[in-house]
Amino acid sequence: MTKPALAFNLTVTREKLTDVTAAGAKSLQSCPTLCDPTDSSPLGSPVPGILQEPFVADEYIERLVWRTPGGGSRGGPEAFDPKRLLEEFVNHIQELQIMDERIQRKVEKLEQQCQKEAKEFARKVQELQKSNQVAFQHFQELDEHISYVATKVCHLGDQLEGVNTPRQRAVEAQKLMKYFNEFLDGELKSDVFTNSEKIKEAADIIQKLHLIAQELPFDRFSEVKSKIASKYHDLECQLIQEFTGAQRRGEISRMREVAAVLLHFKGYSHCVDVYIKQCQEGAYLRNDIFEDAAILCQRVNKQVGDIFSNPETVLAKLIQNVFEIKLQSFVKDQLQECWKSDAEQYLKSLYDLYTRTTNLSSKLMEFNLGTDKQTFLSKLIKSIFISYLESYIEIETGYLKSRSAMILQRYYDSKNHQKRSIGTGGIQDLKERIRQRTNLPLGPSIDTHGETFLSQEVVVNLLQETKQAFERCHRLSDPSDLPRNAFRIFTILVEFLCIEHIDYALETGLAGIPSSDSKNANLYFLDVVHQANTIFHLFDKQFNDHLMPLISSSPKLSECLQKKKEIIEQMEMKLDTGIDRTLNCMIGQMKHILAAEQKKTDFKPEDENNVLIQYTNACVKVCAYVRKQVEKIKNSMDGKNVDTVLMELGVRFHRLIYEHLQQYSYSCMGGMLAICDVAEYRRCAKDFKIPLVLQLFDTLHALCNLLVVNPDNLKQVCSGEQLANLDKNILHSFVQLRADYRSARLARHFS
């Protein structure tokens, strides 16, 4: 055989050996019991490597090759012998096939044995099921027999009870007849009546005899009925005394026994009353009756369930007693002292007492007082305060009006000011409309000496009083009356804060604004604006924080919002009028400064070559005045109001300077000085931080350049970016202000 053919045979044999080995290993690993260690056959013991986990056929063949002589590499101790290796492979394959056949036979044998055992197991299961069915039938029969016996026993018990109950009743009736005979004879001989230790049995007997006696005719059994009633009353008193003594000794078990006996007596309620009375002895030792009451109820709540069969009723009666006797008398004593003499103290005491009572009620809610304890406690509170709550809002509003009036009057007295009456009616309304449309001061100006007649201290006092009134209203008003009462308090606040104080200050401030042509006028209205703005913020905060929660879900909300809106509009209208007139006064002051300080020679000096000033004295004083007013406006207002007022002032300031410059004729140096003045005005306008105002002064500065520009460049300057959009008449009016305007050269260039 050639070497290639031999190599091919080895390869094929090796692949076949791999397949056979893998199949055999899989069979052995799935059924390891098939390899019998006692088997003496060549393959009786497991082939090395077949049963290893995990089994890899290639590794198994490699180990087989290395164990075979001549199967190593060519450089090994033994020369490589392919024929010998092939023979070994073939022999090993045959051995594996023999082992596989033997294993298959064992598998078939085991399968047969398993089938046999399965059949045997199924047979045993069937036998057990039959036995179970028989046992279940026996159990059913036994259950039926037990049910039958139980029915018979119950029937027998009913029969025995039917016989025994009349017998017991007869025995009991016989005993009662015996005791009744003793009362009839007038001599009580039975031990149950003479032995004090058997008071419980005596009580049970006398209670039954008392019920029987109620059915007897009075004419025949009047004497015995009176004796039974007397004994009934004596025993009842003894039981109550026994209960009282046990309570004082702290014997809870004895109290429970006596209370259980008294439960069927008419005096049971008296027993509860005695218990409640003794519970309160020494309970009110502190100065705080509400805290004492809470501690008392907590203590009783812990023990009442161990004494009475109806603890919730007893505890509720105790609480009712505390409220209707102790608390009611305490509240009456506290409020009676200041009912008419001191309304403020009365309202504070009423609020404090009502709050402490409701807090006590909240603590008592954790106890078991029956089904509807919320309603029960609410009725108790109402029974104490009903007479005070009915008249509360009238006292509250009356006190708030008098207190607010006193606060205002005390303030005006401190200023030595006699408050003017602000007219109302048709004439005053007509004056107001004329003033709003024409901005004319109607009537003489009033010198307020810088006083705004607005005080944050007064406002804080008024708001504090109103805040307390809202808190009392929230606590003391019935939920159905709460929005209406809160609205009444709000109208008082509006009357005294908004109308009597803020509106009066605005009217006085308006009257104190001088006319626009007044000299050296002191402008205090901006101080009024500043303080009125601050005060109204406080008013608005109280409206949102304290009034809104009380009316948010009622129709009064829209009514309050409408009233607030009317007040705001009315004040804003007067503020706008005052600010407008104040701005007119500012412009008037600037006019006076310009008229007094500006001279014609400023812009047409006699010596053109000897001008040493950068800008005129009038410009310096006007700019200083404007800067002062701008700072005052910024300090007096906030938000967009600052920009609005400054823009209006800036526009008027620009118009004033524009018209002022139109009054003079300008030489070349005078024009330069005018440009310097306008440049200073423009720097002053930058403090406004209003783009429109700065733009106006930029344009005015550009116009002033027409006063000094070379005649040949006039058209070029007029067509510049800042002047191109202006009306030609405006440009012409500025050119006409030049001293050399009438020269033929200038007129020719501008035409």
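The rules behind the values
- Residues numbered from 1 in each chain as written.
- Predicted model: local features only at pLDDT ≥ 70, side-chain atom pairs only at ≥ 80, totals over all residues.
- Heavy atoms only, no water.
- Helix = DSSP H or I, 4+ residues; strand = E, 2+ residues; numbered from the N terminus.
- Buried < 20%, exposed > 50% of the residue type's maximum accessible area, 1.4 Å probe, protein only.
- Contact = heavy atoms within 4.5 Å.
- Phe/Tyr/Trp six-rings, centres within 6.5 Å; stacked < 30°, edge-to-face > 60°.
- Salt bridge = Lys/Arg side-chain N within 4 Å of Asp/Glu carboxyl O.
- Axes fitted to C-alpha atoms, helices over the stretch in contact; angles between N-to-C directions.
- Parallel < 35°, antiparallel > 145°, perpendicular 65-115°, else oblique.
- Nonpolar A, V, L, I, M, F, W, Y, C, P; charged D, E, K, R; others polar.
- Patch = residues over 30% accessible without salt bridge, like charges linked within 9 Å, V, L, I, M, F, W, Y side chains within 5 Å.
- Areas by Shrake-Rupley, 256 points an atom, 1.4 Å probe, with all protein chains shown as cover.
- 1 Å grid on protein atoms, 1.4 Å probe; cavity = no way out; pocket = protein on both sides within 12 Å on 5 of 7 lines; lining within 4 Å.
- Points joined across faces, edges and corners; volume = space filled by probe spheres on them.
- Expected span 1.5 Å × (residues − 1).
- Polar contact = N/O pair within 3.5 Å; in protein donor to acceptor, adjacent residues only side chain to side chain.
- Lys, Arg positive; Asp, Glu negative; His and termini not counted.
- Charge placed at Lys NZ, Arg CZ, Asp CG, Glu CD.
- Core = buried A, V, L, I, M, F, W, Y, C linked by side-chain atoms within 4.5 Å.
- Left-handed = near helix turned anticlockwise from the far one by under 90°.

What am I meant to see in the overall build of the chain here?
Each helix and strand in the chain was counted, giving 25 helices and 0 strands. A total of 751 residues make up the chain; the buried ones form 39% of that total. For the chain, long-range pairs separated by at least 24 residues make up 75% of all intrachain contacts whose partners lie at least 6 apart in sequence.

I tried to follow the packing of aromatic side chains on my own but got confused; where do I start?
We describe a pair of aromatic rings using the distance from one ring centre to the other and the angle between the two ring planes. Under the definition given, this model contains 15 aromatic pairs. With a centroid separation of 5.2 Å and an interplanar angle of 45 degrees, the aromatic rings of Phe536 and Phe539 are classed as tilted. Pair noted here: Phe536 and Phe539 are both in helix 17 (residues 525–551), with a separation of 3 residues, about one helical turn. The burial state of Phe536 is the same as that of Phe539; both residues are buried.

For this particular structure, what's the right way to read the pattern of salt bridges?
Across all of its chains, the model carries 29 salt bridges by this definition. Across the salt bridge formed by Lys363 and Glu291, the nearest N and O atoms sit 3.5 Å from each other. Within this pair, whereas Lys363 is found in helix 11 (residues 343–364), its partner Glu291 is found in helix 9 (residues 289–304), the two being separated by 72 residues in sequence. In this structure, Lys574 engages Asp503 in a salt bridge whose closest nitrogen and oxygen atoms are separated by 2.7 Å. Of this pair, Lys574 sits in helix 18 (residues 556–597) while Asp503 sits in helix 16 (residues 482–512); the two residues are 71 residues apart in sequence, bridging distant segments of the chain. Each member of the pair Lys574 and Asp503 is classed as buried. Residues joined in a network through salt bridges with shared partners are Glu242, Arg249, Glu251, Arg254 and Glu257.

Mind showing me how you'd approach the packing of helix 16 against helix 18 here?
Relative placement of two packed helices is described by the angle separating their axes and the distance separating the axes. Taken N-terminus to C-terminus, the directions of helix 16 and helix 18 make an angle of 5 degrees; their axes are 11 Å apart at the nearest point. Classified by the interaxial angle, the pair formed by helix 16 and helix 18 is roughly parallel. Taken together, the residues of the contact of helix 16 with helix 18 sort by class into 13 nonpolar, 4 polar and 9 charged.

Could you clarify how one ought to interpret a nonpolar patch on the surface in this entry?
Taken together, the side chains of Phe139, Leu142 and Ile146 present a nonpolar region at the surface, about 330 Å² in accessible area. Tracing the sequence through the fold places Leu142 in helix 3 (residues 82–185).

Explain the layout of surface pockets here, please?
Gaps between atoms show up when a probe of the same size as a water molecule is rolled over them. Its boundaries defined by the atoms lining it, the largest pocket holds a volume of some 670 Å³. Lining the largest pocket we find 23 residues, and of these Tyr354, Leu389, Ser477, Asp478 and Pro479 sit closest to its centre. Among the elements of the structure, helix 11, helix 12 (373–390), helix 13 (392–414), helix 15 (456–476) and helix 16 are those that each provide at least two residues to the lining of the largest pocket. Counted by class, the lining of the largest pocket contains 9 nonpolar, 8 polar and 6 charged residues. One number sums up the size of the second largest pocket: a volume of about 510 Å³. Going through the elements one at a time, helix 16, helix 17, helix 18 and helix 20 (640–661) are the ones with two or more residues in the lining of the second largest pocket.

I tried to follow helix 15 on my own but got confused; where do I start?
Relative to the 30 Å expected for 21 residues at 1.5 Å per residue, helix 15 spans 30 Å between its end C-alpha atoms, a close match to the ideal helical length. For helix 15, the set of buried residues is Val458, Val459, Leu462, Leu463, Glu465, Thr466, Ala469, Phe470, Arg472, Cys473 and Leu476. Contacts made by the buried residues of helix 15 are with helix 11, helix 12, helix 13, helix 16 and helix 17. The N-capping residue of helix 15, defined by a side-chain oxygen 3.3 Å from the backbone nitrogen of Glu457, is Ser455.

Explain the environment of Ile513 to me, please; I cannot follow it from the model alone.
Counting through the fold element by element, Ile513 comes out in the loop between helix 16 and helix 17. Overall, the relative accessible area of 4% leaves Ile513 in the buried class. For the pair Ile513 and Ile579, spaced 66 residues apart in the sequence, the C-alpha separation amounts to 9.6 Å.

How should a negative patch on the surface be read in this particular structure?
A cluster of acidic residues, Glu566, Glu569, Glu572 and Asp576, forms a negative patch at the surface. The residue Asp576 is located in helix 18 in this model.

Even after reading the chapter, I still don't get the nonpolar core, so can you show me in this structure?
Generally speaking, a soluble globular protein has its nonpolar side chains buried in company with each other. If you look at the biggest cluster of nonpolar residues, it comprises 159 residues, and the most contacted ones within it are Tyr275 and Phe308. The leading source of residues in this core is helix 16, at 16 residues. Apart from the residues lying within four places of it in its own chain, the contact partners of Phe308 are Phe243, Ala259, Tyr268, Cys271, Val272, Tyr275 and Val314. Listed in part, the 5 residues of the second largest apolar core include Leu64, Val65, Leu85 and Phe89.

It is not clear to me how unusual backbone geometry should be interpreted in this structure. Could you clarify?
Note on backbone geometry: most residues besides glycine have negative phi, and most peptide bonds are trans. A positive phi angle is found at Asn416, which is not glycine, with a value near 55 degrees. Among the structural elements, Asn416 can be located in the loop between helix 13 and helix 14 (426–438). Residues other than glycine seldom take positive phi values, yet Phe453 does so here, at roughly 60 degrees. Along the chain, Phe453 turns up in the loop between helix 14 and helix 15.

Just checking my understanding: could you explain the packing of helix 20 against helix 22 (residues 691–704) for this structure?
Running from amino to carboxyl end, helix 20 crosses helix 22 at an angle of 15 degrees, the nearest separation of the two axes being 9 Å. Here helix 20 lies roughly parallel to helix 22, going by the angle between them. Seen from above, helix 20 lies across helix 22 with left-handed handedness. Contacts between helix 20 and helix 22 pair Leu646, Met647, Gly650, Val651, Phe653, His654, Ile657, Tyr658 and Leu661 from the former with Leu692, Val693, Leu696, Phe697, Leu700, Leu703 and Cys704 from the latter. Among the residues forming the contact of helix 20 with helix 22, the class breakdown is 14 nonpolar, 2 polar and no charged.

I'm lost on the side chain of Thr582 in this one. Help?
Position of Thr582 among the secondary structure elements: in helix 18. Judged by its relative accessible area of 1%, Thr582 is buried. Beyond its immediate chain neighbours, meaning those up to four positions away, Thr582 contacts Ile513, Leu523, Phe525 and Leu526.

Shape is all these values report; function is a separate question.
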